[in-house]
Amino acid sequence: MTTALIQKDHQAADLDVARIREDFPILGRQIHGKPLVYLDNAATTQKPNAVIDRITRYYTHENSNVHRGVHHLSEVATAAYEGARGTVKRFINAGSEKEIVFVRGTTEGINLVASSFGRTNVKAGDEILISAIEHHSNIVPWQMLCQERGATLRIIPVNDAGELLMDQVRAMLNERTRLLAVGHASNALGTINPIREIIELAHANGTTVLIDGAQGVPHLEVDVQDLDCDFYAFSSHKVYGPTGIGVLYGKEALLEAMPPYQGGGDMILSVSFDKTTYNALPYKFEAGTPDIAGVVGLAAALDYVSALGLPSIAAHEHDLLLYATEQLEEIDGLRIIGTARHKASVISFVLEGVHPHDIGTILDQEGIAVRTGHHCAQPVMMRFNVPATGRASFGLYNTRDEVDALVRGLERVIEVFR
Amino acid sequence: MSDLRELYQQVILDHNRNPRNFHELPAATRKVEGYNPLCGDHYTIYLDLDGETIRDVAFVGSGCAISKASASVMSSMVKGKSRDEADALFERFHRLVTGDSSLSADELGKLAAFSGVSEFPARVKCASLAWHTLHTALAGAENVVSTE
Ligand SMILES: Cc1ncc(COP(=O)(O)O)c(C=O)c1O
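Residues numbered from 1 in each chain as written. Chains lettered and ligands numbered in written order. Predicted model: local features only at pLDDT ≥ 70, side-chain atom pairs only at ≥ 80, totals over all residues. Heavy atoms only, no water.

### Some details on the sheet that holds strand β14 (residues 346-351) of chain A
Residue and element names in this part refer to chain A. One open sheet holds the four strands; their spatial order is β13-β14-β17-β16, and the pairing between them is antiparallel. With partners counted over all chains shown, the strands left at the sheet margins are β13 (334-337) and β16 (371-373), one partner each. Each neighbouring strand pair of the sheet contributes to a mean axis angle of 30°, computed without reference to strand direction. Of the pairings in the sheet, the one linking β14 to strand β17 (residues 389-393) comprises four bridges and is antiparallel in character. Within the sheet, the bridge partner assigned to F349 lies in β17 and is G390. Seen against the sheet, helix α12 (residues 310-329) touches β13 and β14 and runs at an angle of roughly 10° to β14. (Pairing = 2+ DSSP bridges. Helix = DSSP H or I, 4+ residues; strand = E, 2+ residues; numbered from the N terminus. Axes fitted to C-alpha atoms, helices over the stretch in contact; angles between N-to-C directions. Contact = heavy atoms within 4.5 Å.)

Encoded structure:
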């Protein structure tokens, strides 16, 4: 309820970015004597004081193990941990807290589904469908599963703008397609995939759908019930929360039917050497002492984002995307890779005659952090026939001034190389 | 900025733009690939060995300016040299890019162009890729070298 109440209207101007920047202590840093211009948000985001302080408060006042002790601190820690589950549930509008499984991140969420759902539901001859623009973490677990089960991994192609070919989605779905796994948004190109339509098509075909939401949750409002996706995985660290923690959402009926992923403490009701009874959802999938501080930090991050309002954040980031696209296109010899109509605030680019790695080093000397390389998406690089790209990705605290700094930095790169 | 000019010295920019010995070598007796998965730098180095002497050396591939210039400078330095001389150069190069500043200009020769690299730890692997690949080729192994 509270999150809905504090959400504001959708104007970019809503965000008081100058004030917001004060919430992020690291943004005050100098790098090589220049103010930090952090444009690597698709890799990981910076953390606001609200998150840093929450974690400190947890360790200072609340630290204890969860679900175990009868003593006061254990109750406090358990309440914080389970309260955070409620925050996540509301943030993505899941139907029940049983559907929120805490994992290490998107990668572990996908591996959990590949391992647990995959091993029980995917047989020899079956097919798994992914797209040509997936992150390695939404490719390799399925390759491993296919290899193990004798199933086939099929790849939805993209057009030159980096958009999925929807008629291919329709054509490739068939009676053997057990699972379809696609990203909500591409970290390498920025493409926002039409996941609602994809989910509908898959479900009409009786195919289960996993959404890799690593680049969705930070930028887009997600309502898993409205989307009707079966699984949705995301990472805390890309949405202003701590590293090492993430969420797998799964529909209760599906999770209920799946075997545990890992065995250990917390995921059991009773253990004897003859028979072990597994715990109820979501604990069945949370073996061992969890990252309690990470979970409470994640909840603080989601509260922070909710208070600003995702529509306002999205509008601000969209403004930066348009402005940066316009400015970068002015640069002689610069080519943007990924020109989908619907994009998250990610711009991949190449500069004629200069390798991205050299761009990264020169920009770094100007205090500008961008990612260079294959962005854990080597098949994307192959599809667009580039060895690597430079990538600027914007978050809620970035400004047009920082886009200007990037442009000046790139001009500096050209100066060094010409 | 001075740091940047130290890294991207004219010699490096020139070798990046016009790499020497940048072609395949049909007569090669050894051929080894070098790969840096972090940045995607990928080169194939060809050696034509005549006993203990490197009769000819060439390379193809792609990567950043530092890695390409390094491969180019290396090829022009080791051509006609003995294995031992090439290994000694490799050793000097390694010392240079890992921050040993005790080498004289004489000892370094053209390698001096890479004196700025040690200030950029993330780029040491780029600079070293071709040399590691050469080292493997001289040692007689036919495989892919990775600097990760
Ligand atoms: C689209 C996408 N999927 C998956 C991941 C993997 O996330 P993590 O490394 O947090 O598990 C990332 C992060 O790089 C990503 O951008």
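More follows now that the structure is in view.
### What to know about helix α4 (residues 83-97) of chain B
Residue and element names in this part refer to chain B. With 15 residues, α4 extends 21 Å from end C-alpha to end C-alpha; this agrees with the ideal 21 Å at 1.5 Å per step. Listed in full, the buried residues belonging to α4 are R83, A86, L89, F90, F93, L96 and V97. Burial along α4 is one-sided: seen end-on, the buried residues are contained in an arc of 140°. Contacts from the buried residues of α4 go to β1 (30-36), β2 (41-50), β3 (53-62), α3 (65-78), α5 (105-108) and α6 (124-139). Downstream of α4 by one or two residues, G99 has phi in the positive range, about 100°. (Expected span 1.5 Å × (residues − 1). Buried < 20%, exposed > 50% of the residue type's maximum accessible area, 1.4 Å probe, protein only. Arc of directions from axis to C-beta.)

### Considering the domain arrangement of chain A
All names here are of chain A. Domain annotation for chain A reports domain 1 (5-48 + 309-417) and domain 2 (52-306). At the junction of the two partners, domain 1 supplies 45 residues and domain 2 supplies 37 residues. For the pair domain 1 and domain 2, the two sides together bury roughly 3,300 Å², of which 55% comes from carbon and sulfur. If you sort the residues of domain 1 by the area they bury against domain 2, P48, L310 and R383 come out on top, with a joint share of 18%. (Domains from an automatic or database assignment. Buried area = accessible area lost by both parts, 1.4 Å probe.)

### Regarding the site of the ligand
Residues and elements named next belong to chain A. Surrounding the ligand, one finds G105, T106, T107, H135, S137, N187, D212, A214, Q215, S235, H237 and K238. One of the side-chain N or O atoms of D212 is found 2.5 Å from a nitrogen atom in the ligand. Within the contact set of the ligand, an oxygen atom lies 2.7 Å away from a side-chain nitrogen or oxygen of K238. Grouping the amino acids of the shell around the ligand by side-chain chemistry returns one nonpolar, nine polar and two charged. (Near = heavy atom within 4 Å. Polar contact = N/O pair within 3.5 Å; in protein donor to acceptor, adjacent residues only side chain to side chain. Nonpolar A, V, L, I, M, F, W, Y, C, P; charged D, E, K, R; others polar.)

### Brief notes about unusual backbone geometry
Cis geometry marks the peptide bond from L281(A) to P282(A), where omega comes out at -5°. Mapping P282(A) onto the fold places it in the loop between β12 (276-278) and α11 (292-308). For N93(A), which is not glycine, the phi dihedral falls at a positive 50°. Relative to the assigned elements, N93(A) resides in the loop between α4 (72-91) and β4 (100-103). We note that N21(B) has phi near 55°; this positive angle belongs to a residue other than glycine.

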